[in-house]
Number of protein chains: 2
Amino acid sequence: MPQPYLVKPGRKVKLSDIDPDDTGSIKSRADAEALLEDDCEALYGLQERLYAENKRAVLVVLQAMDTGGKDGTVKHVLSGLNPSGVEIHSFKAPSADERDHDFLWRIYQRVPRYGNIGLFNRSHYEDVLIGRVRSLAPMKVIEKRYDSINRFEEILDDNGITLLKFFLHISKDEQRRRLEERLNEPEKHWKFELGDLREREKWDDYQEAYEIALSRCSTKHAPWHIVPANKKWYRNLLVARTLRKTLEALDPQQPKVDFDPKKIKIV
Amino acid sequence: MPQPYLVKPGRKVKLSDIDPDDTGSIKSRADAEALLEDDCEALYGLQERLYAENKRAVLVVLQAMDTGGKDGTVKHVLSGLNPSGVEIHSFKAPSADERDHDFLWRIYQRVPRYGNIGLFNRSHYEDVLIGRVRSLAPMKVIEKRYDSINRFEEILDDNGITLLKFFLHISKDEQRRRLEERLNEPEKHWKFELGDLREREKWDDYQEAYEIALSRCSTKHAPWHIVPANKKWYRNLLVARTLRKTLEALDPQQPKVDFDPKKIKIV
């Protein structure tokens, strides 16, 4: 069964060792889409059980270079679920008020409630990614954040929130193709941001910042998954599959009721 | 085209005049489901445009007696939309901290962001419904809330948030059938709450409290829609249809970009 690269705790990640074009044992888009449909159907039932149980949550963290497919993954993997049990949050550049707090303050407010599947489109990792590449804080401060992140994620795990962290891994060529697509198709113009080009100039620095974050913050309680993401259909399948397997392992149970249904009469 | 009962501003609502079994011109569940599918498909495209425009929002308010179908409506009307653009919030009994603020304080925090479709599963109306029936505040305080609600909703409308308020109208007999179903089907036990029976005893008081709220808070900028809801398929169709028509009238536009796509070269 195809699966993302699991970053073993303590292992040093080298992104150039992982082929963004990889599609594992999946031969075609059609094969992947059939498997994805099956996964999405299973996810629907699993989410209903998680929601009924109302004791634990799953938090998916999506990180990627610009155009890496974060929005597309949400759309293809989570559309179709009951939206009452899904919480998506996109983190943008922090506001002045948010910058007046520690970097995890705004993150904690978006942790999903029990019973829900939450998803962070970008996350606290930006503070060791763009934060590092653009020197948005002194290096001494940034260096401390990796430990803070690990502690924070362990708190979540201890409290019934299972983390699933995905890095969607695309190549620099693939990013160029996707940016060009946004320029060439008028209905995609609004997705194009000039700022993305400035970040692209720092491609190598970002790859390095990702390698550091993936290496230092892949822990037993919250490992990183690297998803080859040049092929969107393979990316969607790996994320859906991993989410499904995680929920199956949690095996949420409908809560027992503390009354005898036979003894209740409705007038 | 079937549509919910629009409460004209200033008009006094009498719920017993509206048949909860009504299905308008729709002859069968199959007909309704075919129309619903068409509406949901249209909603998908309209939501994408609202999201791209990123300037206005729609806020759906769902109110109903227990078992009235709020959860089912969310599931059938909003599943399938891109979850990145949907915000659902279920309001429960207020916390001690929330009770230490005015009743709209916790509501305002959940107003959807621009670009999104928000939905309140229960809302600020509970403060003039259970609040009134159970005397949770002095009558003088409750009486003032209707005006506060109208002012609050006008603020939203002035700021690009279109409100769509639905009262899902079921009969007392239908509620009994649905409560019995929850008791008879083990996989629905967890949805049954003994407290619902206590509220059922106050059925007439709740109907009256709804009549007052629907009459006083149906305004030009935020009218109430009464949805005959004994037939779930008719209810889903009316809500989807009204949401679709509202979005079509908003006619969201992809924002214009401030650069010339032809002049940009990606290296």
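Residues numbered from 1 in each chain as written. Chains lettered and ligands numbered in written order. Predicted model: local features only at pLDDT ≥ 70, side-chain atom pairs only at ≥ 80, totals over all residues. Heavy atoms only, no water.

**Looking at the relation of the copies chain B and chain A**
The condition is simple: Superposition of the copies used a least-squares fit over C-alpha atoms from residues whose pLDDT is at least 70 in both. Residue contacts follow a heavy-atom distance rule, with two residues in contact if any of their heavy atoms lie within 4.5 Å.
Turning chain B through 180° and shifting it by 0.0 Å along the axis lays it on chain A, with an RMSD of 0.0 Å. Such a turn and shift between the copies fits a two-fold axis. Among all C-alpha atoms of chain B, that of Gly 80 of chain B lies closest to the rotation axis, at 2.2 Å. Counting the interface residues of chain B, we find that 100% of their copies in chain A are interface residues as well, pointing to one common contact surface.

**Observations regarding helix H6 (residues 139-158) of chain A**
Residues and elements named next belong to chain A. What counts is decided by this rule: Runs of H or I in DSSP of at least four residues are treated as helices and runs of E of at least two as strands, each being numbered from the N terminus. Any helix carries an expected span of 1.5 Å times its number of residues minus one. Bending is quantified residue by residue as the angle between axes fitted to the seven-residue window ending at that residue and the seven-residue window starting at it. Working definition: with a 1.4 Å probe on protein chains only, accessible area under 20% of the residue-type maximum means buried, over 50% means exposed, and in between means partly exposed.
Taking 1.5 Å of rise per residue, 20 residues should cover 28 Å, and H6 covers 30 Å from first to last C-alpha, within 8% of that figure. For H6, the principal kink sits at Tyr 146 and spans about 25°. Of the residues making up H6, those classed as buried are Ile 142, Arg 145, Tyr 146, Ile 149, Asn 150, Phe 152, Glu 153 and Leu 156. Check the buried side of H6 and you find it contacts strand S2 (57-64), helix H4 (105-108), helix H5 (130-133), strand S5 (161-169) and helix H9 (203-216).

**Overview of the packing of aromatic side chains**
Residues and elements named next belong to chain A. The criterion, for reference: Pairing of aromatic rings covers Phe, Tyr and Trp, the last counted by its six-membered ring, and requires centre-to-centre distances within 6.5 Å; plane angles under 30 degrees mean stacked, over 60 mean edge-to-face, and any other angle means tilted. Should the NZ of a Lys or the CZ of an Arg lie within 6 Å of a ring centre and within 35 degrees of the ring normal, that charge is described as sitting over the ring.
Applying the stated rule across the entire model yields ten aromatic pairs over all chains. Ring centres 4.3 Å apart and planes at 35° place the aromatic pair Phe 167 and Tyr 210 in the tilted group. Pair noted here: Phe 167 is in strand S5 and Tyr 210 is in helix H9, with a separation of 43 residues, a long-range link. The exposure class assigned to Phe 167 is buried, which follows from its relative accessible area of 1%. We note Arg 216 situated over the ring of Tyr 146; from NZ or CZ to the ring centre the distance is 4.6 Å.

**Some remarks on the pairing of strand S6 (residues 224-228) of chain A**
Residues and elements named next belong to chain A. Heads up, the rule is: Note on pairing: DSSP must find at least two bridges between two strands before they are called paired.
Extensive coverage of S6 is indicated by the burial of five of its five residues. Side chains of S6 alternate between two faces, with Trp 224, Ile 226 and Pro 228 and His 225 and Val 227 buried alike. In terms of strand pairing, strand S1 (residues 5-6) meets S6 through two bridges, oriented antiparallel. In the sheet register, Tyr 5 faces S6, and the bridge partner there is Ile 226.

**Notes on the packing of helix H1 (residues 29-53) of chain B against helix H10 (residues 232-250) of chain B**
Residue and element names in this part refer to chain B. Short version of the rule: Comment: axis = line fitted to C-alpha atoms, over the contacting stretch for helices; angle = value between 0 and 180 degrees taken between N-to-C directions. Small angles under 35 degrees read as roughly parallel and large ones over 145 as roughly antiparallel, with 65 to 115 read as roughly perpendicular and the rest as oblique. Handedness of a helix crossing follows the sense of rotation of the near helix relative to the far helix, less than a right angle counterclockwise being left-handed and clockwise being right-handed.
One way to put it is that H1 packs onto H10 with a least axis distance of 9 Å and a crossing angle of 30°. Taken as axis vectors, H1 and H10 run roughly parallel relative to one another. Crossing of H1 over H10 shows left-handed handedness. Residues Arg 29, Ala 32, Leu 35, Leu 36, Asp 38, Asp 39, Ala 42, Leu 43, Leu 46 and Leu 50 of H1 form the contact with H10, whose participating residues are Trp 233, Asn 236, Leu 237, Ala 240, Arg 241, Leu 243, Arg 244, Leu 247 and Glu 248.

**Looking at the interface of chain B and chain A**
Test applied: Joining two parts hides part of their accessible area as seen by a 1.4 Å probe, and the buried area is that hidden amount summed over both. Criterion for a salt bridge: a side-chain nitrogen of Lys or Arg within 4 Å of a carboxyl oxygen of Asp or Glu. Identification of polar contacts relies on pairs of N or O atoms within 3.5 Å, with a donor-acceptor requirement for protein atoms, meaning one able to donate a hydrogen and the other able to accept it, and with residues adjacent in sequence counted only if both atoms are side-chain atoms. Any residue outside Ala, Val, Leu, Ile, Met, Phe, Trp, Tyr, Cys, Pro, Asp, Glu, Lys and Arg is labelled polar, Gly included; the first ten of those are nonpolar and the last four are charged.
Taken residue by residue, the interface counts 38 residues in chain B and 38 residues in chain A. Each partner contributes to the roughly 3300 Å² buried at the junction of chain B and chain A, and carbon and sulfur atoms together form 66% of this total. On the chain B side of the interface with chain A, the three residues burying the most area are Pro 83, Trp 190 and Ile 266 of chain B, jointly 21% of the side's total. Viewed at the interface, chain A and chain B are joined by two salt bridges. We note a salt bridge from Lys 75 of chain A to Glu 48 of chain B, for which the minimum N-O separation is 2.9 Å. Where chain B packs against chain A, one counts eight residue pairs in polar contact (both at pLDDT 80 or more). Secondary-structure elements contributing two or more residues to the side of chain B that touches chain A are H1, helix H2 (70-78), strand S3 (86-90), helix H7 (172-184) and helix H8 (194-200) of chain B. Here the residues of the side of chain B that touches chain A are counted per class, giving 23 nonpolar, six polar and nine charged.

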